[in-house]
Amino acid sequence: MNKRLFVLLVILMSLSLIGIIFVQGFWIKKSVEDKEDQFSNTVSEVLNRVTDKIEKREQKDYSDRYLSLKDSVGELKSSQLSNILIIDQDLNSNEIRLYSHGILEEDYNIASTFFDFGNNNDSSTIKNFTSKRTTTILKENYDIDGNRMRLDPVQTLTKIGGMSSIEKAQWEDVFSEYAKKVPLHQRVSTQEIELLLARELENHNLDVAFEYGVYSKGLPTKVKSKKFKPSESTSYKAPIFRDSEGDTDFSLLINFPKKERFLFSSILGMAFLSFLFTLVILVAYAGAIYQLIRQKQISEIKSDFINNMTHEFKTPIATINLAVEAIRNPKIMGDKEKILRYLSMIKDENKRMHAQVENVLRISRLEKKELDISKDRVDVHDIVTDAIAHVELIVEDRGGYIKTHFDATRTDILANEMHFTNVIVNILDNAVKYSPQAPKIDVYTEVVKNNIIIQVKDQGAGMSKAVLKKVFEKFYREHTGNIHNVKGHGLGLSYVKQIIDDHQGEVYAESEKDKGSAFYIKLPLI
């Protein structure tokens, strides 16, 4: 994939994911705000209903007390009837309407002190009023000469009742003025407020803890819950004990200590699903990006591997071709010594190519679990010594050395001799290849608890931390400018790790750029 196209795809996918996360966050925030508005409207309605019920209950209390006193007195002291009469004549229909409204005033001599306001000097009395409203329609009847003979009643409507809306308003205004003199705690109790609030909140499906209090002119009163603490930002309030003009000195306040938790819990289910699906998308996105980057790296590594393999095959093939052409030369065909030399070169180069192919096949069979690795009792020091013999001539040819420091007192392990020898050879060969100067290699062994540790330390080019993390990956090779300046195909250390893992051991490395590397193999002792 083109690098520019790959970057564009990553940017577009990232922007899409950020947009999804932003939309989800905005939706959750908007849902909480909507729930808070709905909550505020519901609480305001609850407060208004509670204050109305308290006011009506107080009015009823006084009305009941008045009626009770009226019935207990029984004897009427005085009465007075006032009557208003209105006559209206309709010339078109020959109808006459009579409107009459009579008001009966009854005095039972009930003093206004029944309000129990502590004012014994008040001599005013409360009277009962009954109204009688009559509407009569009369029709004029005339004789042949046009003279009116009589008035016949066509319809009569009579309504007898107590106080009208105006009279009722007068009554409520009177008692509310008197009620202002009563202490607040005698007009309403904390139990009544708490019960009404709890009932109304339950009716509106608000199952949330609350605290409340009544304030007078902005100052707290004794009528409040134990843990009530007013706050301008979180408290809701409604006027209580209003007079006929709607004015009052008292306000009922309520707040909810756990309001935020309640509001969030109301959308918790949808928020959780939204978060879960967003997380799934995020994980899938991260996985897709990782796989894309990984595939791109693998593609580059495989290209590097093919280039190196091609380069390493090209040289022996060219050598074999030159040797064959030389043997076919008539001048050489008679020289037996040169023919044997060229045949030896062909054999060595062919063996070299075969070894390269065998390494690739061995790794493939290891990954597919098709490689049969039988294990026997072997001596670690013998294996290391044998492995050193494979590379010792190359090291000496470059003017270097391999020194052994065998400090382990127990050396028997359960291992496959051939594969374990190849492991040590690969690590030693790696140390030789990445030593720009004469290779200087030290091999240490020591026993730690029930394990033996083999350390191969060189003074070569070393590795950066980024390279150190990937050094055991398949096909991985550090780029050093020219990818062919160090022979290899990136399979050696991958093979080492897989063999050591199969032996229930551990392999790891320590390195610093330009200061050499150290490879450690840890295996359980018998």
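See the structure above.
Residues numbered from 1 in each chain as written. Predicted model: local features only at pLDDT ≥ 70, side-chain atom pairs only at ≥ 80, totals over all residues. Heavy atoms only, no water.

Draft legend 1. A look at a nonpolar patch on the surface. Together, Leu5, Val7, Leu8, Leu9, Ile11, Leu12, Leu15 and Ile18 make up an exposed nonpolar region whose accessible area comes to about 710 Å². Secondary-structure assignment places Leu8 in helix H1 (residues 3-73). Residue classification places Leu8 among the partly exposed positions, given a relative accessible area of 45%. (Patch = residues over 30% accessible without salt bridge, like charges linked within 9 Å, V, L, I, M, F, W, Y side chains within 5 Å. Areas by Shrake-Rupley, 256 points an atom, 1.4 Å probe, with all protein chains shown as cover. Salt bridge = Lys/Arg side-chain N within 4 Å of Asp/Glu carboxyl O. Helix = DSSP H or I, 4+ residues; strand = E, 2+ residues; numbered from the N terminus. Buried < 20%, exposed > 50% of the residue type's maximum accessible area, 1.4 Å probe, protein only.)

Draft legend 2. Fine view of helix H9 (residues 380-397). In a regular helix each residue adds 1.5 Å, so 18 residues correspond to 26 Å; H9 covers 26 Å between its end C-alpha atoms and thus fits that length. Along its length, H9 reaches its greatest deviation from straightness, about 45 degrees, at Val391. Along H9, the residues classified as buried are Val380, His381, Ile383, Val384, Ala387, Ile388, Val391 and Val395. Where H9 is buried, its residues touch strand S9 (376-379), strand S10 (401-406), strand S11 (412-415), helix H10 (417-433), strand S12 (440-448) and strand S13 (451-458). Among the residues of H9, the N-terminal cap falls to Asp379, whose side-chain oxygen and the backbone nitrogen of His381 are separated by 2.8 Å. In the stretch just after H9, Gly399 is the one whose phi turns positive, near 85 degrees. (Expected span 1.5 Å × (residues − 1). Bend = angle between axes of the 7 residues up to and from the residue. Contact = heavy atoms within 4.5 Å. Polar contact = N/O pair within 3.5 Å; in protein donor to acceptor, adjacent residues only side chain to side chain.)

Draft legend 3. Structural view of the pairing of strand S15 (residues 517-524). Among the 8 residues that make up S15, 6 are buried, leaving the element largely enclosed by the rest of the structure. Where S13 lies against S15, 7 bridges are found, and the strand directions are antiparallel. In the sheet register, Asn451 faces S15, and the bridge partner there is Pro524. Hairpin remark: strand S14 (residues 506-511) followed by S15, antiparallel, with 5 residues in the connecting loop; positive phi at Asp514, about 65 degrees. (Pairing = 2+ DSSP bridges.)

Draft legend 4. Examining the sheet that holds S15 more closely. Within the open sheet, the 5 strands sit side by side as S10-S12-S13-S15-S14. Their pairing is mixed. Where the open sheet ends on each side, the last strands, each with one partner, are S10 and S14. The average angle at which neighbouring strand axes cross in this sheet is 15 degrees, direction not considered. H9 rests against S10, S12 and S13 of the sheet, and its axis sits at about 170 degrees to S10. Packing against the sheet, H10 makes contact with S12, S13 and S15, and its axis sits at approximately 170 degrees to S15. (Axes fitted to C-alpha atoms, helices over the stretch in contact; angles between N-to-C directions.)

Draft legend 5. Up close: the environment of Val188. In this fold, Val188 is placed in the loop between helix H3 (184-187) and helix H4 (190-203). It is 10.0 Å that separates the C-alpha atoms of Val188 and Phe241, two residues lying 53 residues apart in sequence. Not counting chain neighbours up to four residues away, the residues in contact with Val188 comprise Ile54, Arg57, Ile193, Val223 and Phe241.

What is shown is where atoms sit, not what they do.
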